[in-house]
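Topology and contacts: notes
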Amino acid sequence: MKQVRILAIMVIGLWCYSTGAFGQSMNDDQVIQFVVERQAAGEDQATIVKKLLQKGVTIQQIQKIRKKVEAQKGQMGAIDLTGQNKNVSKSRKRTDKQLDGEEYQTQNNYMVRSQARGVKGMDNMTPEEREATMNQQIEFLDIDSILYYQDKLKDEMQVFGRNIFNNPNLTFEPNMNIATPSNYRLGAGDNVIIDVWGASQETFEGEISPDGTVTIEGIGPIKLAGQSVSQANATLKQRMGRFYRDSNIQLSLGSTRSIQVQVMGEVNTPGTYTLSALSSSFNALYMAGGISDIGTLRDIKVYRNGRTIADIDVYDYILNGNIKGDVRLQDNDIIVVGAYDALVKITGRVKRPMYYEMKKGETTKTLLDYCGGFAGDAYKKNIRLVRKGGNNSEYSMHTIDEFSMGAFEVQDGDSLYVDSVIARFSNMAEVRGAVFHPGMYEVGRTISGVKDLIEAADGVLEGAFTNRAVMHRQREDMTLEVLSVDLKGILDGTTPDVPLRKNDVLFVPSRNDLITDQTLKISGEVIYPGTYQYASNTTLEDLVLQAGGLTNEASTAKVDVFRRIYDATATATNDTISKTYSFALKDGFVVDGKEGFTLEAFDEVVVRKSPSSNELLSVSVTGQVNFSGNYTMTTKTYKLSDLVNAAGGLTHLAYAKGARLERQMTEEERQQRQTSLRSQQIALYETSLSADKNFDFNRADTLLTMKLDVGNTYPVAINLEEALADPDGAENITLRENDRLVIPQFSSTVKISGEVMYPISINYKEGESLNYYIKKAGGYASNARKNRVYAIYMNGSVELVNKHSNKAIQPGCEIVIPSKDAKEKMSTAEMMSMGTTAASISTMMVSIANLLK
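Remember, it's a predicted structure, so these values are computed and weren't measured experimentally.

1. What to know about the environment of Asn268
Structurally, Asn268 can be placed in the loop between strand S8 (258–265) and strand S9 (271–276). The class for Asn268 is partly exposed, based on a relative accessible area of 37%. Within polar-contact distance, the side chain of Asn268 engages the backbone oxygen of Gly289 at 2.5 Å.

What follows is the structure, given as structure tokens:
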């Protein structure tokens, strides 16, 4: 239970006093509560950390919480959150006794604290609440993005070594279970274990009291304080040997005592710290939060009893692994960190560009050693240094050559820059073009002329144009000049070789490059139409075969070849731009025309489709025919009567007059239909805009821009009865692919819909006019437009109906009564306004009349 309290205290109150939490924007409790709430809201870790930084929480505060919990987890192992000890055997591993007791005091405005401290904010929680809180806090401490945002907020150039004592990946915690050092002196608070074996078997465990003794049952107190472990063993053998003859006696150190050490000066959190007796100087610096921005890393003093016992140079530890200054601390030791002596920045082409702390007397050469030396492309002959101080009242520039680097001392504020070498070659020539291995080659040793360069590139390619190569040469003023090179003569030895200079570029042209890419094109009824590479002596038959041969629909009676007319010597334009050659083929070979016709570059061949090649076209018929289904059109003039006859004729229930035809839209018809509907919408938009003051413009714009769905088919009005009666008449229309003929069964009803009192379907009565059917539907409604009544027939046609006519009414039709256009009524306010205006006009007229009198 004690461990749970301690770990909870550490997490919640780790920085309440060490950084002056009362002056911070958020204390640790508030930070942890904020993280828990944001995680519950589903925010990612990077966002949570970013918000904490925006609220003024420092990176150091977050890091400290994380490091301390990880350190205690490493020392204490798994924590029993129930407070019950589940271990059966007692462990002899050392524990840090500094975790017990009250650990906060304030003395002289410095913080007195141990390596793990906290507040009692969780003591009143139940074990379940404490466990839940701990899990949430530890999850907060494991946010990986802390380091990312830390790097984002830090300057690009950091001081080398300064973050060693506040790096979240380093702890510098003392190893509590190492072999007891030979120079370790026992003191009050140390727990010792005395084992006796041999003739007797005993184990004694006790703690050295403040007066330096440990009491052994049956023997009494034995003073051990101030002795090393070996000296203590000798003392025990002397005092206990007479009680345990012929037995071995050995002392081992259990839990170590706590010591208090003061860390003063330029550290992030100066104060008095309670540490393990096994702690070293680095442990104390780590607990103090590391070196501050003005603290030194090169001259840290450790005092004991008023005298210096160690000088710590962190650079010596980092670069050379020397830990002689990392001495083991004793009670009341003092560590003092002064201000740095000189801070110098080095940038440019070095391996580790950043700020470095330098001691007095250290030189540029020492600084180069600290930064890892020059980078591979560094200019090493000199270094430029900007000095901001010294004896001058202005900045000064210094150029340090390679011989002065070991003697030129750096000062605080110096900035050094190491330049890079120029990105050009001092001994390079390049060959490009028609050679086997184009690229850059060394000028010198084995390559001095053009012939050597070509030989180094393994010679020229077979298609190289060697009569004239081109050399680009760089003048002294860095401009370019072109030299013509007789490469053939140089290689044959008939022409003197051309000596090479640095940065020469030799270009060897290729004969193929000098000729424009030449192609042949074939289209039409071949298996693989397209563009093919031209080759000399290609015949028409060759190109047809390359294209996979002819398709089944190809016409062998007409194959055209188009050839452009090109005359390089022409001095005027010509109206004729191409020639056409026509051939007949059989089995891919020329029959009619010039056999073995040779094609020229850029010829285009077109294999025509045979006029007699037709695909099977199908139509369908459903409804009242003897054999409904799909049928193939036998002629291009296949008509309605042909389809009905092919289907075995009409059944006795068929109503031929009501037959309808559904036709599939072509792409042109679809676009025409969309244009028509769009025009109607625009007209409706303009009409509504002028008539309605409250017209919804947004809705109108949406209607104009939305995609119109016109469907895939449309009806064709037909009269199948007359088409069957007169197959040669105009009603017997020609069908089109995918037409669908629907022949319904006779219907004896008439449907009345629209603006009537009671829309209804009633039995058809031959000879009755429109008025008869309107009366059967209860008469016209008040909004009916009586002069625009129309009938929709079963065959898809529409016709206006005269109220006294009986010819337009047919069985199965639908009578539609449209409504009148909506008119805007005048509001009461508008009527009152109009009345007021009229009264004003009347008064004015009376006044005018009186004046005229």
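That covers the picture; the talk isn't over yet.
2. A closer look at the sheet that holds strand S30 (residues 629–632)
Ordered by their spatial adjacency, five strands build an open sheet running S30-S29-S33-S31-S32, and the pairing between neighbours is mixed. The sheet terminates laterally at S30 and strand S32 (713–716), the two strands that pair on one side only. Put simply, the sheet's adjacent strands are angled 25 degrees from each other on average, direction ignored. For strand S31 (residues 660–664) and strand S33 (residues 740–743), the ladder comprises three bridges, and the chain directions are antiparallel. By the bridge assignment, Leu661 is partnered in S33 with Leu741.

3. Topic: the environment of Ser258
Relative to the helices and strands, Ser258 is located in strand S8. Spatially, the C-alpha atoms of Ser258 and Leu278 are 8.9 Å apart, while their sequence positions differ by 20 residues.

4. Notes on the pairing of strand S38 (residues 814–817)
Pairing geometry for strand S34 (residues 749–754) and S38, over four bridges, is parallel. Each residue of the ladder has a partner; that of Gly754, found in S38, is Ile817. Of the strand pairs in this sheet, strand S36 (residues 790–792) and S38 are connected by three bridges, and their pairing is antiparallel. Looking at the pairing, Tyr790 lines up with Val816 of S38.

5. Quick notes on the pattern of salt bridges
Enumeration according to the criterion identifies 25 salt bridges in this entry. Residues Asp560 and Lys558 are paired through a salt bridge, measuring 3.2 Å at the closest nitrogen-oxygen approach. Lys558 sits in the partly exposed class, given a relative accessible area of 38%. Across the pair Asp560 and Arg608 runs a salt bridge whose closest N-O atoms are separated by 3.0 Å. In this pair, Asp560 is assigned in strand S25 (residues 554–564) and Arg608 in strand S28 (residues 604–609), connecting sequence segments 48 residues apart. Judged by its relative accessible area of 3%, Asp560 is buried. Taken together, the shared-partner salt bridges connect Arg298, Asp313, Lys359 and Glu362 into one network.

6. Some points on the pairing of S28
Bridge count for strand S23 (residues 519–524) against S28 is four bridges, and the pairing is parallel. Residue pairing for S28: Gly524 is matched across the bridge by Val607. Looking at chain direction, S25 and S28 are connected through five bridges and run antiparallel. Counterpart to Asp560 in the pairing with S28 is Val606.

7. A look at the packing of aromatic side chains
Summed over the entire model, instances satisfying the criterion amount to ten aromatic pairs. Geometrically, the ring pair formed by Phe160 and Tyr315 is edge-to-face, given 5.1 Å between the ring centres and 65 degrees between the ring planes. Highlighted residues: Phe160 in the loop between helix H6 (145–153) and strand S3 (191–198) and Tyr315 in helix H9 (residues 314–320), separated in sequence by 155 residues. This pair shows no difference in class: Phe160 is buried, exactly as Tyr315 is. Relative to Tyr370, the ring of Tyr315 has its centre 5.3 Å away and its plane inclined at 80 degrees; by these criteria the two rings are edge-to-face. On the criterion of sequence distance, the pair formed by Tyr315 in helix H9 and Tyr370 in helix H10 (residues 364–370) is long-range, its members being 55 residues apart. Accessibility expressed as a relative area gives 1% for Tyr315, which makes it buried. Residue Tyr370 is classed as buried on the basis of its relative accessible area, which comes to 11%. The positively charged end of Arg564 is found above the aromatic ring belonging to Phe602, 4.1 Å away from the centroid.

8. What to know about the sheet that holds strand S19 (residues 439–442)
Spatially, the five strands line up as an open sheet ordered S19-S18-S22-S20-S21, and their pairing is mixed. The sheet terminates laterally at S19 and strand S21 (480–485), the two strands that pair on one side only. Pairs of neighbouring strands in the sheet enclose a mean axial angle of 25 degrees, with direction left out of account. As paired strands, strand S18 (residues 428–433) and S19 are joined by four bridges and run antiparallel to one another. Bridging across to S19, Met428 finds its partner in Glu442.

9. Quick word on a nonpolar patch on the surface
Taken together, the side chains of Ile841, Met844 and Met845 define a hydrophobic patch exposed on the protein surface, amounting to about 310 Å² of accessible area. Take Ile841: it is sitting in helix H20 (residues 828–852).

10. Here we look at a negative patch on the surface
Among the surface-exposed residues, Glu721, Glu722, Asp726, Asp728 and Glu731 lie close enough to one another that they form a single negatively charged patch. Its place among the elements puts Asp728 in the loop between helix H18 (720–725) and S33.

11. Structural notes on the confidence of the model for the protein
Mean pLDDT over the protein: 79, with 77% of residues reaching 70 or higher. Looking at the elements of the protein, mean pLDDT is at its lowest for strand S1 (residues 105–107), recorded as 36, and at its highest for strand S12 (residues 334–339), recorded as 95. Note on residues 133–150: pLDDT under 50 across the span, and 51 contacts to partners over four residues away in sequence or across chains.

12. What about helix H2 (residues 28–40)?
Under the 1.5 Å per step criterion, the end-to-end length of H2 is 18 Å for 13 residues, consistent within 8% with the ideal 18 Å. Within H2, burial applies to Asp28, Val31, Ile32, Phe34, Val35, Val36 and Gln39. Downstream of H2 by one or two residues, Gly42 has phi in the positive range, about 90 degrees.

13. What about the nonpolar core?
Most often, soluble globular proteins keep nonpolar side chains buried together rather than apart. Met240, Leu285 and Tyr356 are the most contacted members of the largest nonpolar core, which totals 71 residues. Residue contacts for Met240: discarding those within four places in its chain leaves Ile194, Val196, Phe204, Ile216, Ile219, Ile222 and Ile249. Of all hydrophobic cores here, the second largest spans 21 residues; its members include Val619, Val621, Ala656 and Ile743.

14. Here's the deal with unusual backbone geometry
Non-glycine residue Asn332 carries a positive phi angle of around 75 degrees. A positive phi angle, near 70 degrees, is found at Asn537, a position not held by glycine. Position of Asn537 among the secondary structure elements: in the loop between strand S24 (530–533) and helix H14 (540–546). Asn537 sits in the exposed class, given a relative accessible area of 63%.

Rules behind the numbers
- Residues numbered from 1 in each chain as written.
- Predicted model: local features only at pLDDT ≥ 70, side-chain atom pairs only at ≥ 80, totals over all residues.
- Heavy atoms only, no water.
- Helix = DSSP H or I, 4+ residues; strand = E, 2+ residues; numbered from the N terminus.
- Buried < 20%, exposed > 50% of the residue type's maximum accessible area, 1.4 Å probe, protein only.
- Polar contact = N/O pair within 3.5 Å; in protein donor to acceptor, adjacent residues only side chain to side chain.
- Pairing = 2+ DSSP bridges.
- Axes fitted to C-alpha atoms, helices over the stretch in contact; angles between N-to-C directions.
- Salt bridge = Lys/Arg side-chain N within 4 Å of Asp/Glu carboxyl O.
- Phe/Tyr/Trp six-rings, centres within 6.5 Å; stacked < 30°, edge-to-face > 60°.
- Lys NZ or Arg CZ within 6 Å of the ring centre and 35° of its normal.
- Patch = residues over 30% accessible without salt bridge, like charges linked within 9 Å, V, L, I, M, F, W, Y side chains within 5 Å.
- Areas by Shrake-Rupley, 256 points an atom, 1.4 Å probe, with all protein chains shown as cover.
- Lys, Arg positive; Asp, Glu negative; His and termini not counted.
- Charge placed at Lys NZ, Arg CZ, Asp CG, Glu CD.
- pLDDT = per-residue confidence, 0-100.
- Contact = heavy atoms within 4.5 Å.
- Expected span 1.5 Å × (residues − 1).
- Core = buried A, V, L, I, M, F, W, Y, C linked by side-chain atoms within 4.5 Å.

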